[in-house]
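Notes for the structure review
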Amino acid sequence: MAEAQEINISNQAREFLDSNHQLLINGEWVASKSGDKIAVIDPATEEQISEVDAGNAEDINDAVAAARSALTGEWSKIPSHDRAQILNKLADEIEMNFDVLSELEVLDNGMPMPLAQYSIASHGTALLRYYASWATKIHGSTIPVSPGGAMNGESITYTRREPIGVVGAIIPWNSPLIFAILKLTPALAAGCTVILKPAELTPMTALFLGELIRNSGIPKGVVNIVTGYGETAGAALTEHHDVDKIAFTGSTEVGKKIVEASIGNLKKVTLELGGKSPVVVFPDADLEKVIPGAARACFFLQGQNCMAGTRLFVHKDIYEPVLAGVKEMAEAFTIGHGLIPTNDFGPLISATQKKRVMEYIQIGKDEGADLLSGGESVGDKGYFVQPTIFSNVKGDMRIAREEIFGPVLCAESFDDSDLETIANKANNTSYGLSGSVWTQDISVAHKMAMLIDSGQVSINCHAAVDPAIPFGGNKQSGWGREFGKEGLEPYLKTKATTVIF
Ligand code: ADP
């Protein structure tokens, strides 16, 4: 880790952090009913950088009432091309505030600055513009039928796509702004109204976004933002009988609670949950691409990434050079505060997360995996943990099966030639979110991609993300898909109307 480094925070970011943060309900900033606050901590310094309101069930009630009333108000009458324009205006606002948003994201989450900039530019504004263009392309169809009682040719049936209604969006801390945008944009394109509940650990960019939303022409009550804890504000949102849909990203454990809480009014639920994704490397793979690809697949966002390629399966003929290369890359990361431009590896999000990761590293050692690199926490301040590589990991070890959500790579070699046997190893997990296959052989690549039981498989890259590429999990990695046209569908319902002449 670099020596203690001076952190410079811009005046604009400082002013925002120091300002009074409230809840966005019905277009106004209002204080939480309880008056309780949540301290916001910079995970790289462990210092408090701000505080926000802790909303509770009463605040959620107000936000849901505002969203319900906005659903049938002005918002429902706005032509779709105007909805598109509003989303594009919000993208413009984000572009105008790109520097401060990136800075706040780094301070709040700990990610390195280039990553914050890349994610906001390539996923944030791109998502808004992508779904803005969908807003004008939502329509039903006509169906040639002759239902009971109608004479041939004397009836017509058409479908309308209607907004699903009031959406509760609950998001995690690992990429806070992008998740806020990912939840808001398809919902707004579809004509829904939203209550956004940011993660208690990272509320800052969602609150900044709230002000941009107020500037973008989105009518009052269409987007409400309630900061608060998961067990209070989050739970109240998922249990609420006037919420039509929950869109959630977070842990599988909380995802299951959300399903249970949603039963009361059978609200619709989409879940993007955990992962334990395989990276499968065949002997003919291009090592120049595999080595950085595998290192990034696991260590991107310090491994706090649901798509992370945390299980590395390498053919025995190239196991040694691949691991040596990944180790060299892992040890070359510069660990430190994300606002220092030369740092490319940040802290974990919290003391709890650091403790969890360190416990898993101990479990790996106890289970008999070989610690090839890392394994230690770093520095006295900040939740830093070294990129860590275990080799000779066996499929039944806990470090190979359970999601660690930290920078821990589990590598094992294979010498099978049968693709199904290799796929069985890759699929030996309760998750199924992402995965990648590395080979020059197009038949092997496509066959393996078909055999891997994940919502996303990339060939000679890992976790390809684009607004147009559907993303979501199989097995316990989730329900439904986000991004792309498929990501719009959960925000729409179909009404069939039949006219008998
Ligand atoms: P992570 O493990 O990544 O922290 P969590 O699943 O714990 O993710 O949290 C993701 C989001 O879910 C956060 O906004 C958190 O406040 C919220 N959350 C946590 N517990 C609940 C709950 N019981 N009901 C609804 N939301 C919750």
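How each quantity is defined
- Residues numbered from 1 in each chain as written.
- Predicted model: local features only at pLDDT ≥ 70, side-chain atom pairs only at ≥ 80, totals over all residues.
- Heavy atoms only, no water.
- Helix = DSSP H or I, 4+ residues; strand = E, 2+ residues; numbered from the N terminus.
- Rg over C-alpha atoms; globule rule 2.2 N^0.38 Å.
- Buried < 20%, exposed > 50% of the residue type's maximum accessible area, 1.4 Å probe, protein only.
- Contact = heavy atoms within 4.5 Å.
- Areas by Shrake-Rupley, 256 points an atom, 1.4 Å probe, with all protein chains shown as cover.
- Lys, Arg positive; Asp, Glu negative; His and termini not counted.
- Charge placed at Lys NZ, Arg CZ, Asp CG, Glu CD.
- Core = buried A, V, L, I, M, F, W, Y, C linked by side-chain atoms within 4.5 Å.
- Pairing = 2+ DSSP bridges.
- Axes fitted to C-alpha atoms, helices over the stretch in contact; angles between N-to-C directions.
- Near = heavy atom within 4 Å.
- Polar contact = N/O pair within 3.5 Å; in protein donor to acceptor, adjacent residues only side chain to side chain.
- Nonpolar A, V, L, I, M, F, W, Y, C, P; charged D, E, K, R; others polar.
- Phe/Tyr/Trp six-rings, centres within 6.5 Å; stacked < 30°, edge-to-face > 60°.
- Lys NZ or Arg CZ within 6 Å of the ring centre and 35° of its normal.
- Arc of directions from axis to C-beta.
- Parallel < 35°, antiparallel > 145°, perpendicular 65-115°, else oblique.

1. A look at the overall build of the chain
Regarding its fold elements, the chain presents 16 helices and 24 strands. Over its C-alpha atoms the chain spans a radius of gyration of 24 Å, differing by no more than 12% from the 23 Å that the globule rule assigns to 501 residues. Seen along its three principal axes, the alpha-carbon backbone of the chain occupies a region of about 75 × 60 × 40 Å. For the chain, buried positions account for 57% of its 501 residues. Look at the contacts in the chain between residues 6 or more apart in sequence, and 74% of them connect residues 24 or more apart. Of the accessible surface of the chain, which amounts to about 19,900 Å², a share of 52% is contributed by carbon and sulfur atoms. In the chain, 41 positive and 62 negative side-chain charges are present, and the distance between their average locations comes to 7 Å.

2. A few points about the nonpolar core
Of all hydrophobic cores here, the largest spans 80 residues; its most connected members are Ile 94, Leu 188, Leu 209, Ile 218 and Val 223. The residues contacting Leu 209, other than those within four sequence positions of it, are Leu 90, Ile 94, Leu 177, Ala 180, Ile 181 and Leu 184. Core analysis: the second largest hydrophobic core is formed by 28 residues, Val 279, Val 281, Val 314 and Val 322 among them.

3. Observations regarding the sheet that holds strand E6 (residues 155–163)
Across the sheet, 3 strands lie side by side as E5-E6-E24; this open sheet has antiparallel pairing. Edge strands, defined here as strands with exactly one partner in the open sheet, are strand E5 (142–143) and strand E24 (492–500). Bridge count for E6 against E24 is 9 bridges, and the pairing is antiparallel. Considered in E24, the bridge of Tyr 158 is made with Thr 497.

4. Here's the deal with the sheet that holds strand E12 (residues 278–281)
Strand order in the open sheet formed by 7 strands is E14-E17-E18-E13-E12-E20-E21, and the pairing between neighbours is mixed. The open sheet has two edge strands, strand E14 (370–373) and strand E21 (458–459), and neither has a second partner. The sheet contact formed by E14 and strand E17 (residues 388–391) spans 3 bridges and is antiparallel. Residue pairing in the sheet places Leu 371 in a bridge with Phe 390 of E17. On top of the sheet, helix H11 (residues 287–299) reaches E12, strand E13 (311–315), E17, strand E18 (408–414) and strand E20 (436–438); it is set at about 135° to E18, its chief contact. Together, E14, E17 and E18 form the strand contacts of helix H13 (residues 351–367), whose direction differs from that of E17 by roughly 20°.

5. Digging into the site of the ligand
Close to the ligand lie 16 residues; Ile 171, Trp 173, Lys 197, Glu 200 and Ser 251 are nearest. One nitrogen or oxygen atom from the side chain of Trp 173 is found 2.5 Å from an oxygen atom belonging to the ligand. Between the ligand and Lys 197, the relevant distance is 2.6 Å, taken from an oxygen atom to a side-chain nitrogen or oxygen of the residue. When the ligand is considered free in solution it has 550 Å² of accessible area, and contact with the protein chains removes 83% of it. Listed by contribution, the elements that provide at least two residues to the shell around the ligand are helix H9 (230–239), strand E10 (245–249) and helix H10 (252–261). The element that contributes the greatest number of residues to the shell around the ligand is H9, accounting for 3 residues. For the shell around the ligand, the residue count by class is 8 nonpolar, 5 polar and 3 charged.

6. Overview of the packing of aromatic side chains
Tallied over the full model, the rule gives 7 aromatic pairs. Ring centres 5.0 Å apart and planes at 80° place the aromatic pair Tyr 130 and Tyr 131 in the edge-to-face group. Like Tyr 130, the residue Tyr 131 is buried in the burial classification. Each member of the aromatic cluster is reached from another via a ring pair, and the members are Phe 299, Phe 333 and Phe 345. Positioned over the ring face of Tyr 491 is Lys 245, at 5.0 Å from the centre of the ring.

7. What to know about the pairing of strand E4 (residues 47–53)
Pairing between strand E3 (residues 37–42) and E4: 6 bridges, direction antiparallel. Within E4, the residue paired with Asp 42 across the bridge is Glu 47. Turn length for the E3-E4 hairpin, with the two strands adjacent in sequence and antiparallel, is 4 residues, and the turn residue Glu 46 shows positive phi of about 65°.

8. A few points about helix H15 (residues 419–426)
Of the positions making up H15, those classed as buried are Leu 419, Ile 422, Ala 423 and Ala 426. The arc that holds every buried residue of H15, seen down its axis, measures 100°, which confines them to one face. Those residues of H15 that are exposed and aimed more than 90 degrees away from the buried face are Glu 420 and Asn 424. Looking at the buried positions of H15, the neighbouring elements they touch are E12, E13, E18 and helix H16 (442–451).

9. Side note on the environment of Glu 231
Note that Glu 231 resides in helix H9. For Glu 231, a relative accessible area of 64% gives the class exposed. Residues Glu 231 and Pro 321, 90 residues apart in the sequence, show an inter-C-alpha distance of 47 Å.

10. Topic: the packing of helix H5 (residues 98–109) against helix H7 (residues 176–190)
In a pair of packed helices, the angle between the axes and the distance between the axes together describe the arrangement. Across the interface, H5 lies against H7 with an axial gap of 9 Å and an inter-helix angle of 115°. Considered as vectors, H5 and H7 are oriented roughly perpendicular to each other. Here Leu 101, Glu 105 and Asn 109 of H5 come into contact with H7, specifically with Pro 176, Leu 177 and Ile 178. Residues that form the contact of H5 with H7 fall into these classes: 4 nonpolar, 1 polar and 1 charged.

11. Notes on the side chain of Asn 305
Within the secondary structure layout, Asn 305 lies in the loop between H11 and E13. Taking relative accessible area as the criterion, Asn 305 reaches 7% and is therefore assigned buried. At 3.1 Å, the side chain of Asn 305 forms a polar contact with the backbone nitrogen of Met 307. Apart from the residues lying within four places of it in its own chain, the contact partners of Asn 305 are Asn 174, Phe 300 and Phe 405.

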